[in-house]
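So the chains spell out like this:
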Amino acid sequence: MGRWICYICFRVADSLMMLLVLALSCNPSTAAIDSPSAPPVKPSYSFGRTFLGLDKCNACIGTSICKKFFKEEIRFDTWLSSHLKLPPSYLLSYSGNYTDDAKSWRMVDITRLTSKYQHDRADKRICTSLLKTKTCSLERALRSTQRFQKWLQAKRLTPDLVQGLSSPMLRCPSQRLLDRIVRRYAEVPDAGSIYMDHLTDGDKLRLLYTLSVNSHPILLQIFPDVEGWPFPRYLGSCGRLVVSASTRPLRDFFGAAPEVAADLALQLLAVLRSMGTNDLNYFFYFTHVDAGTFGVFSNGHLFIRDASTLGIIDKEEGSQLIDDQQEYKDIFSCLTVDCQSAFVSCNSIGEKHSLVMVCQELLPKLLKGKFLQPVQEKIDSFLQHCADGLADDQGVSGAVAKLAELLKPLRSCDSRFAYRYPDCKYSDKY
């Protein structure tokens, strides 16, 4: 009988202990002591592969900066908002913010090489031209082309591999320029070699695709700002988006104060001069300029914002393609332009080529009506002489040199021009 009483006591004690445990687990204050509370949900971008263009790779630009997008170390201009929403995908460019430490942020430009509409149209053209279908695997279609098969077999990027591509940079190619592209291609681990052994098949397709669509990111990579070239810094690519240092387009300064306009005009002329004469003996020329071609950093320094219309002639080696060879066309020649568009002859480009365009399209909008007479009249006269382009290279260069001399005393030296202040106080250069 005693054993049964003890057994019942033990069962009662077990039941009481179980009830105590359940009570403690249901008490919020007690539970908080035993386990930490769950962290609040962090608002986050819902990045889709389609928005970035990753669903098109390797018919894309690159993947070097994708991690920063997904880690939210690159954010669009609403990064302080509690509701992080992606901007519309049809825009050509976006203002963004970039960080390396999640504390300090800097402005960047996030751009597409061409509009989403043009990208989609080009994708359809690839499928219908090569596989006769409305949709397809872009990579599989492009891999089957004769041009890419030659790229796969090539040890070195040679002029015949880029002939017929629409990029102005490649209309007059030299072997020295093509070696520089391979050696400095930033979407792969740096091998420092002119041979393409370090490029995978996918790397080669991305490089070919980029050169076919828009050579802007390639120019930023092979002529970096840290070496003194007037381009914004290339930070990387993800899918079909390119990230670079931020600049305000020159159009934002058409209404600027006279001293600011004079300073920007002088910088613009200096950039064109450096593009024609530099230590590497490359001659850069524009096939088109507009109010978005040039940009200005926050420190007042002017750079080439859009390099897509820049052509290059190698003054040291010359072109290794004659003009009739450039007429070769295939699907890579037609991704963003009409296949029937004519090439500009390499021999028809002179030193005044870019100067005349800038005098016609940009400098009048920047300098018109900014100064008192008779200074304004002289400025207008030199601009008209340059814009007419009737004189030879020396005549146009002479008019531009006189314009520069007229503008120099019209700019000021103060903190608005941080790129040269306070140096301008102690130098005759300014």
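J.: Lay out the overall build of the protein with the relevant residues and their values.
T.: Of the regular secondary structure elements, the protein holds 16 helices and 10 strands. Buried positions account for 48% of the 430 residues belonging to the protein. Summarising the internal contacts of the protein: among those between residues at least 6 apart in sequence, 68% fall at separations of at least 24. Working note: accessible area of the protein is about 21,900 Å², and carbon and sulfur atoms make up 55% of it.

J.: Any details on the pattern of salt bridges? Residues and values, ideally.
T.: It is possible for side chains of opposite charge to pair when their charged atoms get near one another. Under the criterion given, the structure shown has 26 salt bridges. The salt bridge partner of R106 is D100, with a shortest N-O separation of 3.7 Å. Looking at R106, the relative accessible area reads 40%, which means it is partly exposed. Notably, a salt bridge pairs R176 with E316, separated by 3.9 Å at the nearest N-O pair. With R176 in helix α9 (residues 175-184) and E316 in the loop between β10 (310-314) and α13 (352-361), the pair connects residues that are 140 residues apart, well separated along the chain. Taking the relative accessible area as the measure of exposure, R176 reaches 18% and is therefore buried.

J.: Run through the pairing of β10, naming residues and quoting values.
T.: Among the 5 residues in β10, 5 count as buried, and that is most of the element. Two strands pair when backbone bridges link them, and strand β7 (residues 282-286) and β10 are joined in this way by 5 bridges, in the antiparallel orientation. Residue F286 lies in a different strand from β10, and its bridge partner there is L310.

J.: So, the nonpolar core: which residues are in play, and what are the values?
T.: Ranked by internal contacts, the top residues of the largest apolar core, which has 93 residues, are M169, F223, F294, L363 and L367. No other element matches helix α12 (residues 258-276), which puts 11 residues into this core. In contact with M169, other than residues within four places in its own chain, are L177, I181, L211, S215, I218, L219, I222, L310, G311 and I312. Residues L54, F76, Y94 and L235 belong to the second largest nonpolar core, which totals 16 residues.

J.: Quick one: what's the story with the sheet that holds strand β6 (residues 248-249), residue by residue and with numbers?
T.: The strands making up a sheet associate through hydrogen bonds between their backbones, and the pairing can be parallel or antiparallel. Strand order across the open sheet formed by 3 strands is β6-β8-β9, with antiparallel pairing between neighbours. This sheet does not close on itself; its edge strands, each paired only once, are β6 and β9 (302-304). In this structure, strand β8 (residues 294-296) lies alongside β9, joined through 3 bridges in antiparallel fashion. Its bridge partner lying in β9, V296 is registered against L302. Across the sheet, α12 touches β8 and β9, and the angle it forms with β9 is around 40°.

J.: I'd like a description of the packing of helix α7 (residues 146-153) against helix α10 (residues 201-213), backed by residues and values.
T.: The interhelical angle for the contact between α7 and α10, taken along N-to-C directions, is 130°, at an axis separation of 10 Å. By the angle between their axes, α7 is oblique relative to α10. For the element pair α7 and α10, the recorded crossing hand is right-handed. Side by side, α7 and α10 meet where R147, F148, W151 and L152 of the first sit next to D201, K204, L205, L207, L208 and L211 of the second. When grouped by side-chain class, the residues that make up the contact of α7 with α10 number 7 nonpolar, no polar and 3 charged.

J.: How would you explain the pairing of strand β4 (residues 234-238) if you had to name every residue and give the values?
T.: The element β4 is extensively covered by neighbouring structure, given that 5 of its 5 residues are classed as buried. Both β4 and strand β5 (residues 241-245) contribute to a ladder of 4 bridges, which runs antiparallel. By the bridge assignment, S237 is partnered in β5 with V242. Linking β4 to β5, which pair antiparallel, is a turn of 2 residues; within it G239 sits at a positive phi near 65°.

J.: Provide a residue-level description of the packing of α12 against α13, including the pertinent values.
T.: Running from N to C, α12 and α13 point in directions that differ by 160°, and their axes come no closer than 10 Å. Comparing their axes, α13 and α12 come out roughly antiparallel. Note that α12 runs across α13; the crossing there is right-handed. For the pair α12 and α13, the contacting residues are L268, L269 and L272 in the first and S354, L355 and V358 in the second. Looking at the contact of α12 with α13 residue by residue, the classes come out as 5 nonpolar, 1 polar and no charged.

J.: Let's hear about the sheet that holds strand β3 (residues 106-112): which residues, and what values?
T.: Strand order in the open sheet made by the 5 strands is β1-β2-β3-β5-β4, with antiparallel pairing throughout. At either margin of the open sheet sits one strand with a lone partner, and together these are β1 (74-76) and β4. This sheet shows a mean twist of 30° between the axes of neighbouring strands, independent of strand direction. Relative to β5, β3 runs antiparallel, the two being bridged by 5 bridges. In the sheet register, R112 faces β5, and the bridge partner there is L241.

Rules of the game
- Residues numbered from 1 in each chain as written.
- Predicted model: local features only at pLDDT ≥ 70, side-chain atom pairs only at ≥ 80, totals over all residues.
- Heavy atoms only, no water.
- Helix = DSSP H or I, 4+ residues; strand = E, 2+ residues; numbered from the N terminus.
- Buried < 20%, exposed > 50% of the residue type's maximum accessible area, 1.4 Å probe, protein only.
- Contact = heavy atoms within 4.5 Å.
- Areas by Shrake-Rupley, 256 points an atom, 1.4 Å probe, with all protein chains shown as cover.
- Salt bridge = Lys/Arg side-chain N within 4 Å of Asp/Glu carboxyl O.
- Pairing = 2+ DSSP bridges.
- Core = buried A, V, L, I, M, F, W, Y, C linked by side-chain atoms within 4.5 Å.
- Axes fitted to C-alpha atoms, helices over the stretch in contact; angles between N-to-C directions.
- Parallel < 35°, antiparallel > 145°, perpendicular 65-115°, else oblique.
- Left-handed = near helix turned anticlockwise from the far one by under 90°.
- Nonpolar A, V, L, I, M, F, W, Y, C, P; charged D, E, K, R; others polar.

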